[in-house]
Amino acid sequence: MLVCPLCRGELVRQPPTWRCANNHCYDVAREGYVNLLLVQQKHSQEPGDSAESLTARRAFLEAGHYGPLRDAVVAMLAPLAPDLLLDLGCGEGWYTSAFPAIAAEVIGLDIAKPAIRLAAKRYPGVTWIVGSGAALPVDDASLDIISCLFTQLHIDEMHRALKPGGHVLVVTPAADHLWSLRAGLFEDVMAHEPDKFLAGFADRFELTARDEVRAPLSLGNAQLRQLLAMTPYVWKARPERRAALEQCEQLETTAAFSLLLFRKRAP
């Protein structure tokens, strides 16, 4: 299932480590995850989401605001009855925690060590890995499903890792996702374009299903601040606009998501 990020040899679990035939060894942390991210795969000292963002994301998601999305993802993937599912860019694990109910084995992978540490502490029954989506530490043609919820897409690498007929689920913001929140952050709001992902998959995958999930949100100030802390929109917003929005006592908006399910074409 797992391969060594150095030599690509098979990793065997020998508690409390994972070890390959070349004796490269990776310790399992006390929280239960393994770090397979090489130094040369990092683009910064602490890649991935910040601790502030992860804490806000956990509080917001566990309050159930995006529950309709998680339900829709499970409903779309359950009929595929996967043996091995990898949740790419899994963050603190809230979405991933629903997958053991529909898959025999589940891997949660994220480049952010703090995210995986939080996930492993809260959700047992998943193989939690710090790793890079650009160089997945799994064997060729080993995965049945790769789920990608709001994360960078490495299509070549996903194609390598998927079994023939395997699936990729892409979840991305729909056109008007959080429109009123974005209107508070930016003078000009641009619609998201979910279909922009279709071209990248067209040569080696076929689109087999799609869905759109919408959920009205009525957020008090605490929930609004959590959403702002976890969303990438604030990275591009002017600080004074974020500060002004954070003073709002109540925000009404709509979360809107596009789900795209792709199947790997036969050779």
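Rules and cut-offs
Numbering of residues starts from 1 in every chain and runs along the sequence as written. Given that the model is predicted, a residue must reach a pLDDT of at least 70 before its local features are reported, and side-chain atom pairs must reach 80 or more before they are shown or counted; all residues, however, enter totals for whole chains, interfaces and linings. Computation of side-chain values covers all heavy atoms of the structure but excludes hydrogens and water. Put simply, buried Ala, Val, Leu, Ile, Met, Phe, Trp, Tyr and Cys residues joined by side-chain atoms within 4.5 Å make one nonpolar core. Exposure categories follow from relative accessible area, calculated using a 1.4 Å probe and restricted to protein chains: below 20% of the type maximum is buried, above 50% is exposed, and the middle band is partly exposed. Contacts are residue-level and defined by heavy atoms, with any inter-residue pair within 4.5 Å sufficient. Should DSSP find at least two bridges between two strands, the strands are taken to pair. Secondary structure counts use DSSP, requiring at least four H or I residues in a row for a helix and at least two E residues in a row for a strand, with both numbered from the N terminus. The axes are straight lines fitted to the C-alpha atoms, using for helices just the contacting stretch, and the angles between their N-to-C directions are given from 0 to 180°. For classification purposes, angles smaller than 35 degrees are called roughly parallel, those larger than 145 roughly antiparallel, those between 65 and 115 roughly perpendicular, and all remaining angles oblique. Handedness of each helix crossing follows the sense of rotation of the near helix against the far helix: counterclockwise by less than a right angle gives left-handed, clockwise gives right-handed. Three classes are used, and their members are as follows: Ala, Val, Leu, Ile, Met, Phe, Trp, Tyr, Cys and Pro are nonpolar, Asp, Glu, Lys and Arg are charged, and the others, Gly among them, are polar. By definition here, a salt bridge exists when the distance from a side-chain nitrogen of Lys or Arg to a carboxyl oxygen of Asp or Glu is within 4 Å. Note on terminology: pairs of cysteine sulfur atoms within 2.5 Å are recorded as disulfides. Aromatic rings from Phe, Tyr and Trp, with only the six-membered ring used for Trp, were paired whenever their centres fell within 6.5 Å, and each pair was classed as stacked if the ring planes differed by under 30 degrees, edge-to-face if by over 60, and tilted otherwise. As a reminder, the over-ring test applies to NZ of lysine and CZ of arginine, requiring each to be within 6 Å of the ring centre and within 35 degrees of the ring normal.

Chemist: Now, about the nonpolar core: what can you tell me, with residues and values included?
Modeler: In terms of nonpolar packing, the biggest core is built from 49 residues, with Tyr66, Val73, Leu77, Trp128, Leu181, Leu185 and Leu259 touching the most fellow members. Beyond its immediate stretch of four places on either side in the chain, Trp128 contacts Tyr33, Val34, Cys90, Gly93, Thr96, Gly108, Ile116, Ala119, Ala120 and Tyr123. Counting 30 residues, the second largest nonpolar core, distinct from the first, contains Leu11, Leu136, Ile155 and Met158.

Chemist: Report on the sheet that holds strand E1 (residues 12–14), specifying residues and quantitative values.
Modeler: Taken together, the 3 strands give an open sheet; going across it, the order is E1-E2-E3, and neighbouring strands pair in antiparallel fashion. Bordering the open sheet on either side are E1 and strand E3 (25–27), each of which pairs with just one other strand. Here the strands of the sheet are splayed against their neighbours by 25° on average, with no regard to which way each runs. Here 3 bridges tie E1 to strand E2 (residues 17–19), and the two strands are oriented antiparallel to one another. Looking at the pairing, Arg13 lines up with Trp18 of E2.

Chemist: Give a description of the sheet that holds strand E11 (residues 250–264) that names residues and reports values.
Modeler: Spatially, E4-E7-E6-E5-E8-E9-E11-E10 is the arrangement adopted by the 8 strands of the open sheet, whose pairing is mixed. Each end of this open sheet is capped by a strand with a single partner; those strands are strand E4 (34–35) and strand E10 (205–220). With 4 bridges connecting them, strand E6 (residues 105–110) and strand E7 (residues 127–130) associate as parallel partners. Within the sheet, the bridge partner assigned to Asp110 lies in E7 and is Val130. Each of E4, E6 and E7 touches helix H3 (residues 113–122); the most contacted strand, E7, lies at about 165° to it.

Chemist: Describe the packing of helix H1 (residues 51–62) against helix H7 (residues 221–230), and please don't skip the residues or the numbers.
Modeler: It is at 8 Å that the axes of H1 and H7 come closest, and there the two elements cross at 130°. Taken together, the axis directions place H1 and H7 in an arrangement best described as oblique. Between H1 and H7 lies a crossing whose hand is left-handed. Of the residues in H7, those in contact with Glu52, Ser53, Ala56, Arg57, Ala59, Phe60 and Leu61 of H1 are Gln223, Gln226, Leu227, Ala229 and Met230. Counted by class, the contact of H1 with H7 contains 7 nonpolar, 3 polar and 2 charged residues.

Chemist: Help me get a handle on the pairing of E11, residues and values and all.
Modeler: Most of E11 sits out of view: 11 of its 15 residues are buried. Both strand E9 (residues 162–173) and E11 contribute to a ladder of 7 bridges, which runs antiparallel. Following the sheet pairing, Val168 is matched in E11 by Phe262. Pairing of E10 with E11, which is carried by 15 bridges, proceeds in the antiparallel orientation. Following the sheet pairing, Gly220 is matched in E11 by Gln250.

Chemist: Give me the pattern of salt bridges: which residues, what numbers.
Modeler: Throughout the structure, instances matching the rule amount to 19 salt bridges. For Glu62, the salt bridge is made with Arg58, and the minimal N-O distance between the two is 3.8 Å. Placement of both Glu62 and Arg58 in helix H1 is noted, with a separation of 4 residues, approximately one turn of the helix. Residue classification places Glu62 among the partly exposed residues on the basis of a relative accessible area of 37%. The class for Arg58 is buried, based on a relative accessible area of 11%. Salt-bridge contacts for Glu187 lead to Arg238; the nearest nitrogen and oxygen are separated by 3.3 Å. Here Glu187 is found in the loop between helix H5 (179–185) and helix H6 (198–201), whereas its partner Arg238 is found in the loop between helix H8 (233–236) and helix H9 (239–245), with 51 residues between them in sequence. The network of salt bridges with common partners includes Asp49, Arg57, Arg58, Glu62, Glu92 and Arg122.

Chemist: Quick rundown of helix H2 (residues 67–77)? Include the residues and the values.
Modeler: Taken as a whole, H2 has its buried residues at Gly67, Leu69, Ala72, Val73, Met76 and Leu77. Those residues of H2 that are buried lie in contact with strand E5 (84–88), strand E8 (143–149), E9, E10 and E11.

Chemist: Describe the state of the cysteines, listing the residues and the values that go with them.
Modeler: Inspection of the entire model under this criterion finds 0 disulfides. Between Cys4, a cysteine without a disulfide, and Cys7, which holds the nearest cysteine sulfur, the sulfur-to-sulfur distance is 3.8 Å. Here Cys4 falls in the buried class, since its relative accessible area comes to 0%.

Chemist: So what's going on with the packing of aromatic side chains? Which residues, and what values?
Modeler: In this structure the tally under the stated criterion is 6 aromatic pairs. Each member of the aromatic cluster is reached from another via a ring pair, and the members are Phe60, Tyr66, Phe150 and Phe257. Against the face of Trp94 rests Arg70, its NZ or CZ located 3.9 Å from the ring centre.

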